[in-house]
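Residues per chain are reported as follows:
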Amino acid sequence: MRGRLSLALLPAALTFALVGCAAPQPTIPLERFEAALAAQDSATAALEDWCAARGLADPAKVIASPAGSPPLPPTRRSRQVLEVSDSEQVGYRHVRLSCGGKALSEAHNWYVPARLTPEINRQLETTDIPFGKAIAPLSFTRERLSATRGTIEGCPAETILHHRAVLRLPDGRPVSTVIECYTPENLR
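Just so it is clear, the model here is predicted, and its values are computed rather than measured.

## Section: the layout of surface pockets
Part 1 of the argument: There is about 350 Å³ of room inside the largest pocket.
Part 2 of the argument: Around the largest pocket sit 15 residues that line it, and Thr-75, Ser-78, Trp-110, Arg-164 and Ile-179 are the ones nearest its centre.
Part 3 of the argument: Of all the secondary structure elements, the ones that give two or more residues to the lining of the largest pocket are helix H4 (76-82), strand E3 (102-111), strand E5 (161-168) and strand E6 (174-182).
Part 4 of the argument: Grouping the amino acids of the lining of the largest pocket by side-chain chemistry returns seven nonpolar, five polar and three charged.
Part 5 of the argument: Approximately 210 Å³ is the volume found for the second largest pocket.
Part 6 of the argument: In terms of lining residues, the second largest pocket is bounded by 16 residues, among which Pro-66, Tyr-92, Arg-93, His-94 and Val-95 are the most central.
Part 7 of the argument: Contributions of two or more residues to the lining of the second largest pocket are made by strand E1 (63-66), strand E2 (91-99) and helix H5 (118-126).
Part 8 of the argument: Top contributing element to the lining of the second largest pocket by residue count: E2, with four residues.
Part 9 of the argument: In the lining of the second largest pocket, the residues fall into nine nonpolar, five polar and two charged.

## Remarks on the sheet that holds E1
The strands making up a sheet associate through backbone hydrogen bonding, with each pair oriented either parallel or antiparallel.
Part 1 of the argument: Taken together, six strands build an open sheet; the order of strands is E1-E2-E3-E6-E5-E4 and the sheet is antiparallel. Only two strands of the sheet have a single neighbouring strand rather than two, namely E1 and strand E4 (141-149). This sheet shows a mean twist of 25° between the axes of neighbouring strands, independent of strand direction.
Part 2 of the argument: Here seven bridges tie E3 to E6, and the two strands are oriented antiparallel to one another. Note that in E6 the partner of Ser-105 across the bridge is Tyr-182.

Analysis parameters
- Residues numbered from 1 in each chain as written.
- Predicted model: local features only at pLDDT ≥ 70, side-chain atom pairs only at ≥ 80, totals over all residues.
- Heavy atoms only, no water.
- 1 Å grid on protein atoms, 1.4 Å probe; cavity = no way out; pocket = protein on both sides within 12 Å on 5 of 7 lines; lining within 4 Å.
- Points joined across faces, edges and corners; volume = space filled by probe spheres on them.
- Helix = DSSP H or I, 4+ residues; strand = E, 2+ residues; numbered from the N terminus.
- Nonpolar A, V, L, I, M, F, W, Y, C, P; charged D, E, K, R; others polar.
- Pairing = 2+ DSSP bridges.
- Axes fitted to C-alpha atoms, helices over the stretch in contact; angles between N-to-C directions.

Taken by themselves, the reported measurements are silent on function.
Have a look at this one:
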């Protein structure tokens, strides 16, 4: 009876086949990318880890370059999230985050300069340091407000995933609200 499966072995064969399906793993690249982002408070740190794991650059270093749009004033909702009055200053950065020459995301970031040190404000205004790396010494936490596949207004058309988040200082005060637009380069 070569080449035939004995009926007596059929239940064992089906059990074996089903066991392999019992514990789904994030095998789709976008799901793995989403898990990598969710694992860290800093999107910059997550992107650097992702860049290293995918071999995009050695060393894996994310840099922020101006994305070229005029500053967007904070909306009333942004001011509420940041817990600032209409008269308090809110900074804005619109940057493209790249690693190894590949643009991995664009970020719109509204932040409260008065809650940052003078050195951090200087770095944000004069260098290519990403926001998350600049404020890392402040031990911030990230509260994700939403994560949706696809694009929204303000993101490039090819966006595969976007996040809205607020970054908080250890005392709970919000320091930044951000919209992050992730590109297909993360999956190549």
